[in-house]
Amino acid sequence: MIGMKKWLGFTAVMVMAVLLCGCRGNTREESIVTEDNKTEITEGITPTEEITLTEEIKPTDKEMFATGITSEENEDDAVPTSEDVTPVTEAVTPEPAEELNNEIEERCPAKYTLTRADVKYGEFSHGTYFSETCGLERGFCILLPSDYSEEKQYPVLYLLHGIFGNEYSFSSDSGNKIKEIIGNAAADGMIEETIVVCPNMYAASDPKQQPGFDAESCLPYDNFINDLVNDLMPYIESNYSVLKGRENTYLAGFSMGGRETIFITLRRPELFGYVCAISAAPGIVPTTDKFMTHPGQMAESEVKFADGAVEPNVFIICCGTKDSVVGTYPKSYHELLEKNGSDHIWYEINGADHDNKAIQSGLYNLIKQIAFDKKNAAVK
Ligand code: FER
């Protein structure tokens with residue numbers, strides 16, 4: 001039922017968003033969200049282009065943007081089934097290296113999302129660092145392998161949350177199966193044991209500033225590139241036992257985090273060898289969607305790698321075919337990159353919404369491409 005409630009709540013937010021298009025100067029009295037979460041439409045609302053939803057979105061709705069909708073189709077993600085906790089050791093055999101291919105699989109196979117009896121998964125913990133960019137102490141969550149040791153060194157994946165999220169967005173949603181996918185892929189020998197860092201992507205200098213659907217409230221997200229590169233990455237690299245360099249530094253993000261993933265990758269491609277932008281939000285280039293008018297972070301002609309730039313070994317852009325929040329914006333980024341001659345992999349996840357199915361798919365395919373690329377490099 002959690003999923004159903006979230007879905008209804010989200011539908012109400014979406015309907016509100018459309019209704020509120022006409023509410024600048026008007027009040028919410030013109031649309032009423034009833035107790036059973038249905039929105040009643042009253043007369044006299046004419047849509048305008050821009051809206052500010054900051055005060056209209058409830059904390060529970062904000063979670064949906066931050067880490068994805070839990071739709072009915074994805075209830076299996078939210079509620080662990082007996083299958084999830086049943087030891088599946090016999091059914092799960094490591095992928096022989098020679099069988100590893102680089103084909104995209106739309107859905108993350110169940111053997112990577114399952115909790116296996118014979119695998120020890122890492123745990124998330126919380127840390128802080130001083131951000132010169134923001135002039136503030138800021139938080140991050142970090143997933144360390146269960147047997148993390150200073151004697152070893154690990155690659156790092158920086159994983160960016162959606163709008164209204166924070167460093168806890170991914171670790172507090174067990175439905176995304178991040179721990180399981182990373183742990184199972186490492187247990188199978190597909191990838192090395194890997195650290196996952198989940199930052200707070202809202203890099204504001206004023207701790208009172210809040211995210212919202214207006215240009216000014218989004219600026220701290222666009223400032224995150226500075227915090228990441230100048231503050232967080234150096235902190236992680238000097239306080240944890242990590243492998244440095246682009247071959248060992250991965251970047252992925254969901255929705256608003258997907259948008260910043262693309263932006264950061266285009267601006268600093270020398271830093272990240274493996275990248276995946278999942279269900280990327282609008283706003284890299286100027287546009288108006290159902291939430292707001294975006295001034296754009298760059299012109300359409302700039303959506304490319306600079307001439308002569310080192311490019312990521314893998315740069316994936318993906319999105320569900322039923323994404324009810326960002327629609328076809330991810331596809332438009334793919335089309336722009338293609339038009340501007342910049343290499344990337346584009347694929348769609350059939351039937352997925354703005355949800356954990358998309359997140360799992362993007363994460364799994366990123367891992368698979370890393371595995372294939374690194375194994376190929378090793379035999380060259
Ligand atoms: C927008 C549509 C979607 C937008 C952000 C999002 C800032 C992000 C959604 C999410 O992170 O889930 O117009 O503008």
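See the structure shown above.
Now for a look at the structure at hand. (Residues numbered from 1 in each chain as written. Predicted model: local features only at pLDDT ≥ 70, side-chain atom pairs only at ≥ 80, totals over all residues. Heavy atoms only, no water.)

1. Notes on the nonpolar core
Here is a general trend for soluble globular proteins: nonpolar side chains tend to be buried in one another's company. Defined as follows: What is meant by a nonpolar core is a set of buried Ala, Val, Leu, Ile, Met, Phe, Trp, Tyr and Cys residues, joined one to another through side-chain atoms within 4.5 Å. Burial classification: accessible surface area is computed with a 1.4 Å probe over protein chains only, and a residue below 20% of its type maximum counts as buried, one above 50% as exposed, and the rest as partly exposed. When checking whether two residues touch, look at their non-hydrogen atoms; a contact exists if any pair is within 4.5 Å.
Grouped together as the largest cluster of nonpolar side chains are 59 residues, with contacts concentrated most on Tyr-158, Val-197, Leu-228, Ile-236 and Ile-262. Those residues in contact with Ile-236, other than ones at most four positions away along the chain, are Phe-140, Ile-142, Tyr-158, Val-197 and Val-242. Phe-170, Ile-181, Ile-349 and Tyr-364 belong to the second-largest nonpolar core, a separate cluster that totals 37 residues.

2. Some details on the sheet that holds strand E8 (residues 274-278)
Think of a sheet as strands paired side by side through backbone hydrogen bonds, with each pair either parallel or antiparallel. In plain terms, the rule: A pair of strands is considered paired only if DSSP assigns at least 2 bridges between the two. Only DSSP runs of H or I reaching four residues or more are called helices, and only runs of E reaching two or more are called strands; each is numbered from the N terminus. The convention used is that axes are lines fitted to C-alpha atoms, helices contributing only their stretch in contact, and that angles between N-to-C directions extend from 0 to 180 degrees.
Pairing is mixed in the open sheet, where eight strands are placed in the order E3-E4-E6-E5-E7-E8-E11-E12. Among the strands making up the open sheet, the edge pair consists of strand E3 (123-131) and strand E12 (345-349). The mean angle between the axes of side-by-side strands here comes to 20°, regardless of whether they run parallel or antiparallel. Note: strand E7 (residues 249-254) against E8, five bridges, orientation parallel. Across the sheet, residue Phe-254 finds its bridge partner in E8, namely Ile-278. Relative to the sheet, helix H8 (residues 224-239) contacts E3, strand E4 (136-144), strand E5 (156-160), strand E6 (195-199) and E7, its axis offset from that of E3 by approximately 110°.

3. A word on the environment of Lys-120
Looking at the secondary structure, you find Lys-120 in the loop between helix H5 (110-113) and E3. Sequence separation between Lys-120 and Gly-183 is 63 residues; the distance between their C-alpha atoms is 7.3 Å.

4. A closer look at the environment of Thr-293
As a reminder, the rule being used: Polar contacts, as used here, are pairs of N or O atoms within 3.5 Å; protein pairs need one atom able to donate a hydrogen and one able to accept it. Residues neighboring in sequence count only if both atoms are side-chain atoms.
When you line up the elements, Thr-293 lands in strand E10 (residues 293-294). C-alpha separation for the pair Thr-293 and Gly-283, spaced ten residues apart in sequence, amounts to 8.3 Å. Separated by 3.0 Å, the side chains of Thr-293 and Thr-288 make a polar contact.

5. Overview of the layout of surface pockets
The criterion, for reference: Residues are said to line a cavity or pocket when one of their atoms sits within 4 Å of a point; the points come from a 1 Å grid over protein atoms alone, cavities being sets where a 1.4 Å probe fits but cannot get out and pockets being open sets with protein on both sides within 12 Å along at least five of seven lines. Grid points are joined across faces, edges and corners, and a volume is the space filled by probe spheres set on the points. Gly falls in the polar group here, along with every residue not listed as nonpolar (Ala, Val, Leu, Ile, Met, Phe, Trp, Tyr, Cys, Pro) or charged (Asp, Glu, Lys, Arg).
If you add up the space inside the largest pocket, you get close to 350 Å³. Around the largest pocket sit 16 residues that line it, and Asn-200, Tyr-202, Pro-207, Gln-209 and Gln-210 are the ones nearest its centre. In terms of residues, the lining of the largest pocket owes the most to one element, E4, which gives four residues. When grouped by side-chain class, the residues that make up the lining of the largest pocket number six nonpolar, six polar and four charged.

In short, shape yes, function no, at least from these values alone.
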